Each structure stands twice: as C-alpha cells, then as structure tokens.
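Now for the letters of each chain:
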Amino acid sequence: MSEEKVLEQTSIEATSPFELRLNLGTGVPENAVKTALTTGDMGFLHSFTTGSTVDGPGVRLVAWTAGCQWRCLYCHNPDTWSMVNGMPVTLDHAIDEVRKYRHGLKVMSGGLTLSGGEPLMQDRFAVRLLTAVKKMGVHTAIETNGYLGDRLTDEEIEQIDLVLLGLKTAPARHLHLTGKEMGPTLEFAQRLSRLGRKIWVRFVLVPGLTDDPENIGEIAKFAASLGNVERVEVLPFHQMGKYKWKELKLNYTLDSTEQAPRELVERACAQFRAEGLKAD
Ligand code: SF4
C-alpha cells in the first residue's frame, strides 16, 4: 500500500501516544520494509504528537516510532512493539512535518524528540531525520532503551543533542522486567559519557516491581558514575496503557498495581539526589 493510501485513512498526527494504532503498515511488501530499514528512506511511525512538555526540554514535537525488541512488563504502548503497526512515512515527509513547526519549536526552547517503541530499531531513518532536523537549527533528542546504541557511529551520535535513556531496573532483574539483558544499555551509557553527550535518565517507578531502595540505589550509583547525566526523571507508573494490553490480548501482569504515590516518588528522587544527581 502506498504511503498516500495509508495517510488517506489515518492522520499521522495523533492527540496522544495512548491512541491504539494497529496494522498501519500492513501491505507494505517485505522487500520494501528491508530497503527502508537499510536506507532510512522510509520509517514506520505510530504518530507525531505536538506540544509535549515531558519529552525533553521546552515544548516538543514527538515522533513515535514503531518497533521494539523489549517487552517491558509496564510498557504503556505495546502497540508500538510491532513495526507493522506503524504508518509508513517517507523520510522527506517526516522532515516536512518537523519543518512545519520549526519556528515555534525554537521560540519555545523545544525541539524534536524521537521516541517509541525503540527508535534505534530504525536506526538509519532515525539518524537521517535527526541530522536533517539539527541542520534546521532545531534541538534533537532521542528516547531510547540504549540496547542498539552500537548501531550509531560517534559522528551520528553528535547529531543528537540529548539522549533520554531509560534505565529500567538494576541488572539482576532486567531480563525479568524487559525480556533483555542490560549489558548493551550500560555500555551505551558509558560510551555517551566518554563522548561527553548529555543524558537525561528516565526511571519508571512501579510499586512492587522497581521501587525497592536497593534497586534504586544501584541505578542511582551507576547514573552518578557517568558524569554526563544532567537530570533524572522519576516517572510514576500509571495504568493508561492497560487497555492496549487487553485489546492486543497480551498477558498483563500489573492489573492490581497501584499508581506510585507522591511519597514514593519523593523517596526515589531523594535516593538519586543523595548520589549528587538532579532528580524530579
Ligand atoms: S523499551 Fe519502551 S517501548 Fe520497548 S517495551 Fe520497554 S517501555 Fe515499551
């Protein structure tokens, strides 16, 4: 199916990433997907959303990419796991979408954030889009789990002004929580440190899953050891993505988990601050 045909049916702009979007890439021939992944000429996106103040500095335009190889138990957007659920969007179209907003983004000290899903599943598309956006003078950020960081050269990393790096839990529980080992994420964080690139750590606080002080202490120590972490964002778990798990008939194990209360968030922030980090 051509990009135009798909776009006839669904707008690339969504009001929120919590919109359930399925099968927007069905019909794209397998070889076209392979070519897209190799060249970055086309990407697969859940959507663009505008006006975010929680995905990087200032006001952000966010491109939500499709495809993630992790399976975090608390994932809010499991519809972004499969690339087939993403809308095929040419690189030029994606660049034009950012160009529309570039003046406003600069005025509001914001920029473009590539999120997902895992944007580095489509590393060529990500690099080419971020490079074009940076050339417009717009701030670039990527929200990533870091697992595929070795797909980027040092020069490509320079196109990213800020990495929002998800540190989900300490290594011992990482496989259980995400389905993958933490080693590549830790290595990517250390590489960003060596390169002097800025990181904001994102840590989702899930009662009964990630909230014990020993776990948080271990993450805080690692983050502090890097020396390039500008900020830690402690994000209280919520249930807004639960309906997606149900719609997709996935086994959701956090049905009875409460949203993290303010005191718990404060306690976690205090642990990060005790290591000399700015946390909120
Ligand atoms: S890394 Fe992000 S998108 Fe992937 S499963 Fe985890 S929370 Fe979901």
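Check the entry above for the structure.
Residues numbered from 1 in each chain as written. Predicted model: local features only at pLDDT ≥ 70, side-chain atom pairs only at ≥ 80, totals over all residues.

What is the right way to read the overall build of the chain from this model?
When helices and strands are counted, the chain shows 10 helices and 8 strands. Relative to a compact globule of 280 residues, whose C-alpha radius of gyration would be 19 Å, the chain shows 18 Å and is just as compact. Expressed as a percentage of its 280 residues, the buried residues of the chain come to 42%. In the chain, the proportion of contacts linking residues at least 24 apart, taken out of those at least 6 apart, comes to 77%. (Helix = DSSP H or I, 4+ residues; strand = E, 2+ residues; numbered from the N terminus. Rg over C-alpha atoms; globule rule 2.2 N^0.38 Å. Buried ≥ 20, exposed ≤ 12 C-beta atoms within 10 Å, placed from the backbone. Contact = placed C-beta atoms within 7 Å.)

Just checking my understanding: could you explain the site of the ligand for this structure?
Contacts to the ligand come from Cys68, Trp70, Arg71, Cys72, Cys75, Asn77, Thr80, Gly116, Gly117, Glu118, Asn145 and Thr178. Classifying every residue of the shell around the ligand by side-chain character gives 4 nonpolar, 6 polar and 2 charged. (Near = placed C-beta within 6 Å. Nonpolar A, V, L, I, M, F, W, Y, C, P; charged D, E, K, R; others polar.)

Please explain the sheet that holds strand β2 (residues 60-65) as it appears in this structure.
Strand pairs in the sheet, formed through backbone hydrogen bonds, run parallel or antiparallel to each other. Taken in spatial order, the 8 strands line up as β3-β1-β2-β4-β5-β6-β7-β8 in an open sheet, and their pairing is mixed. Looking along the sheet, the strands with just one partner apiece sit at the ends: β3 (87-90) and β8 (229-236). Neighbour-to-neighbour, the strand axes of this sheet turn through a mean angle of 30°, independent of strand direction. As judged from the 4 bridges shared by strand β5 (residues 139-144) and strand β6 (residues 162-166), these two strands associate in the parallel manner. Its bridge partner being in β6, Ala141 is matched across the sheet by Leu162. (Pairing = 2+ DSSP bridges. Axes fitted to C-alpha atoms, helices over the stretch in contact; angles between N-to-C directions.)

Whenever I open this one, the pairing of β5 confuses me. Can you help?
Regular strands place their side chains on alternate faces of the sheet. Among the 6 residues that make up β5, 6 are buried, leaving the element largely enclosed by the rest of the structure. Of the two faces of β5, the one holding His139, Ala141 and Glu143 and the one holding Thr140, Ile142 and Thr144 are both buried throughout. Between the parallel pair strand β4 (residues 111-115) and β5, the chain is carried across by helix α4 (residues 123-135), and the sense of this crossover is right-handed. (Right-handed = clockwise from strand over helix to strand, strands pointing away.)

Would you mind showing me how to read unusual backbone geometry here?
With an omega dihedral of 20°, the bond running from Gly116 to Gly117 counts as a cis peptide bond. Examined against the element boundaries, Gly117 turns out to sit in the loop between β4 and α4. If you check the backbone angles, Ser109 has positive phi at about 50° while not being a glycine. The exposure class of Ser109 is exposed, given the 10 C-beta atoms found within 10 Å.

Could you clarify how one ought to interpret the packing of helix α3 (residues 91-107) against α4 in this entry?
For any two helices packed against each other, one specifies the inter-axial angle together with the distance between the axes. Two elements in contact, α3 and α4, have axes separated by 10 Å at closest approach and are oriented at 35°. As α3 runs across α4, the sense of the crossing is right-handed. Between α3 and α4, the residues in contact are Leu91, Ala94, Ile95 and Val98 and Phe125, Arg128, Leu129, Ala132 and Val133, respectively. Its residues placed into classes, the contact of α3 with α4 shows 8 nonpolar, no polar and 1 charged. (Left-handed = near helix turned anticlockwise from the far one by under 90°.)

It is not clear to me how the environment of Leu192 should be interpreted in this structure. Could you clarify?
Inspection of the secondary structure assignment puts Leu192 in helix α7 (residues 183-195). Leu192 sits in the buried class, given 21 other C-beta atoms within 10 Å. Linking Leu192 and Gly227, residues 35 residues apart in sequence, is a C-alpha distance of 10.0 Å. Setting aside anything within four residues of it in sequence, one finds Leu192 in contact with Val163, Arg197, Ile199 and Asn228.

Where do I start with α7 in this structure?
An α-helical turn contains 3.6 residues, so any two residues separated by three or four positions project in the same direction. When the terminal C-alpha atoms of α7 are compared, their 18 Å separation across 13 residues agrees well with the 18 Å that a helix rising 1.5 Å per residue should span. Three or more residues of α7 are buried, namely Thr185, Phe188, Ala189 and Leu192. The arc that holds every buried residue of α7, seen down its axis, measures 100°, which confines them to one face. Facing away from the buried surface of α7 by more than 90 degrees, the exposed residues are Gly183 and Arg194. The secondary structure elements touched by the buried residues of α7 are β6, β7 (198-205) and α8 (213-226). (Expected span 1.5 Å × (residues − 1). Arc of directions from axis to C-beta.)

Even after reading the chapter, I still don't get the environment of Lys134, so can you show me in this structure?
Within the fold, Lys134 resides in helix α4. The class for Lys134 is partly exposed, based on 17 C-beta atoms found within 10 Å. Considered as a pair, Lys134 and Asp161 are 27 residues apart in the sequence and their alpha carbons are 8.6 Å apart. Each residue touching Lys134, except ones within four places of it in the same chain, is listed here: Thr140 and Gln159.

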